[in-house]
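Structural characterization, general
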Amino acid sequence: MTQIPPTLPLRALFDAQHNASRAQIDVPLVLRRDRLERVRALVDTHADQLSEAVQADFGVRSAQLTEAADLFVLRAGMAQLQKQLPRWIKPQRVHTPLYLQPASAHLQRQPLGVVGVIGPWNYPLQLTFGPAATALAAGNRVMLKPSELTPHTSALMAELVQQAFDADEFSVVLGGPDVAREFSGLPFDHLFFTGSTQVGRQVAAAAAVNLTPTTLELGGKSPCVIDASCDLDEAAVKIAHGKLLNAGQTCIAPDYVLLPRGQEAAFERAYAAAVARLFPTIAGNPDYAAIVSERHHARLNTLLDEAQARGARVVDVSPPGGDAQGARQMNPTLVFGPAPDLRLMHEEIFGPILPVLPYDGMDDAIHFINLRPRPLALYWFGSDTASRDRLLTRTVSGGVSVNDTLMHVAHEGLPFGGVGDSGWGSYHGEAGFLRFTQQKPVLVQSRWAMGYLFYPPYGARFQRVMGLLKRLL
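Here's what I pulled together on the structure shown here. As the structure is a computational prediction, the values presented were derived from the model and not from experiment.

1. Thoughts on the packing of aromatic side chains
According to the stated counting rule, one finds 14 aromatic pairs in the structure shown. Here phenylalanine 192 and tyrosine 427 contribute two aromatic rings whose centre-to-centre distance is 4.8 Å and whose plane-to-plane angle is 80°, an arrangement assigned as edge-to-face. With phenylalanine 192 in strand β6 (residues 190–194) and tyrosine 427 in strand β17 (residues 426–427), this residue pair connects regions lying 235 residues apart in the sequence. With respect to burial, phenylalanine 192 and tyrosine 427 carry one shared label: buried. On the numbers, 6.2 Å between centres and 65° between planes, the contact of phenylalanine 416 with tyrosine 427 is edge-to-face. Taken together, the positions of phenylalanine 416 in strand β15 (residues 416–417) and tyrosine 427 in strand β17 put the pair 11 residues apart, joining distant regions of the chain. The pair phenylalanine 416 / tyrosine 427 is uniform in exposure class, with both members buried. One aromatic cluster in this structure is built from Phe192, Phe416, Tyr427 and Phe436.

See below:
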C-alpha cells in the first residue's frame, strides 16, 4: 500500500485523489465492495476504541448510546450498500419515444470523482463514515474532514483510515475552522456537509466558487404536533426519547411541541413520567449524554435565562437525584409560553430544552409551522387520520415520522435530507448512491434510424412527417 504522507498539504492530497480518480474512471464492483468491507472491518474491529474516544470527547456518553445511535445505523447502511450495489451500478434502460425508435437509450452510472465530506460532532461516526462509505460504494475517492470538537474520535478515525486505505483512495484531514474553510474551497466533484445552517451557508458559498455541487444536511426547528386524538402518555415517551437522545444534540430532535390548548398540565405530567422512565437519574447516568462543550452548555443556559426573564414558565422535569450541571449533563426542561421573538424560538436548540406552545385548531398549527423556515423533520401524534393527512399535505419538511420521533432516519429505503433552510439534497440507500453518481445518458442509434426525415431542405415530405407525429403525440 503506497502511503501519501499525512502532512501533505490539502491541495496536494486533493490532487493525488483527483489524478487517481481520472486514471481509473471505471471502478469495478469487486473494488467498490472491497473498500466497503475495509470500512466495515475498521468499524467492527475497533468499535470499542471508537466508543471510548467518543466518550472521552463528550465527557459522559455510554458505549451503548454510541452503539445504538452511531454504530448500529452505520452498519445497517453499509450492509444495504453491499447487498444492493450490484443492482445499483448496472446501466438503467430508458424507454425511447416513438420518433427516435428503433434507437435504444440507457443511463450509465459512473463515479463523480473526488467527494469531500465535512462531518459534525454530535454523531461523529455515523455522520462521517456513513456518507463516506456511500461515496466509496459509488466508486469515488473520499476526503473526510471530521469535527475539531471531537478531537479524540477524529484522531482515531484518521489513524484507522490511514492504516486501511491508500491516501488517494480515502483520507481523513484534521484541523479546525481554518482547515474547514480551505477544505470547502477545494474543487471537489461533490462536497457533502452536515452541520448548522449558518456554517452551511459558508460552505455553499465557498463551493460555489468552483461550481462544486453540494449536499447540505443542516438543522432547523423540527415541530412535534400533538393532535387532540393523541394518547399523551404514549406519545410523551416517544417524544422524550427523540428529544433526549444524546441530550438533544440531534439534528432531527423535536425542537418544539404544538399542543391542543388546555392540555399543558397533562403533557407536563406525562413528559416528566416519561423522562423518569427513560432516565431514572440524570447526574452521572452514562446513558444521558453530556453537552459536548462548555460553550454549548453556556449557550443553552443563556437561552433558558432569557426565556425565564421574558415571562416563560421554565420547568425542570428531571427525576430527583442531584443537579447534573457540573458534568455538563443538562437537566431536561420544558418551557411553556415562550415569546415568539426569543432566541429559543429562532435558533436550533440542540439540547434537552423543549418549548411547548398551545394551539386552538389544526389550521392554527399548520399556519404556525408554515410561517417559519421549512424544518428538517416533522412529527405528528394521534389517531385521527384526516387530521394527520391535512397536516402532511399542507406542510413541507425534510422527513416525517408519524406517532414516533427519529425513526424515519433509520429506514434505509427512505431518502434523508432537508429542504430550504434545513438543507438540500438527500442520501441514505439508493438516494445516497445516486447523489454521488453521474447518471450519464446514452443514446445508441440504430442502423435503421430515420433521422434523415428531419433533415433539411424542408419541404412537403417534412410537412407530412410532422403532421403525422403531431397526431401521434
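Resuming the write-up.
2. Considerations on unusual backbone geometry
The residue after glutamine 101, namely proline 102, is reached through a cis peptide bond having omega 15°. With an omega of 5°, the peptide bond between proline 456 and proline 457 qualifies as cis. Along the chain, the position of proline 457 falls in the loop between β18 (437–444) and α15 (460–472). A positive phi angle, close to 55°, is found at leucine 211, a residue other than glycine. Relative to the assigned elements, leucine 211 resides in the loop between α8 (197–208) and β7 (214–217). Of note, the phi angle at alanine 247 is positive, near 55°, even though the residue is not glycine. Looking at the secondary structure, you find alanine 247 in the loop between α9 (232–244) and β9 (256–260).

Calculation rules
Residues numbered from 1 in each chain as written. Predicted model: local features only at pLDDT ≥ 70, side-chain atom pairs only at ≥ 80, totals over all residues. Heavy atoms only, no water. Phe/Tyr/Trp six-rings, centres within 6.5 Å; stacked < 30°, edge-to-face > 60°. Helix = DSSP H or I, 4+ residues; strand = E, 2+ residues; numbered from the N terminus. Buried < 20%, exposed > 50% of the residue type's maximum accessible area, 1.4 Å probe, protein only.

These values are about where atoms sit, not about what they do.
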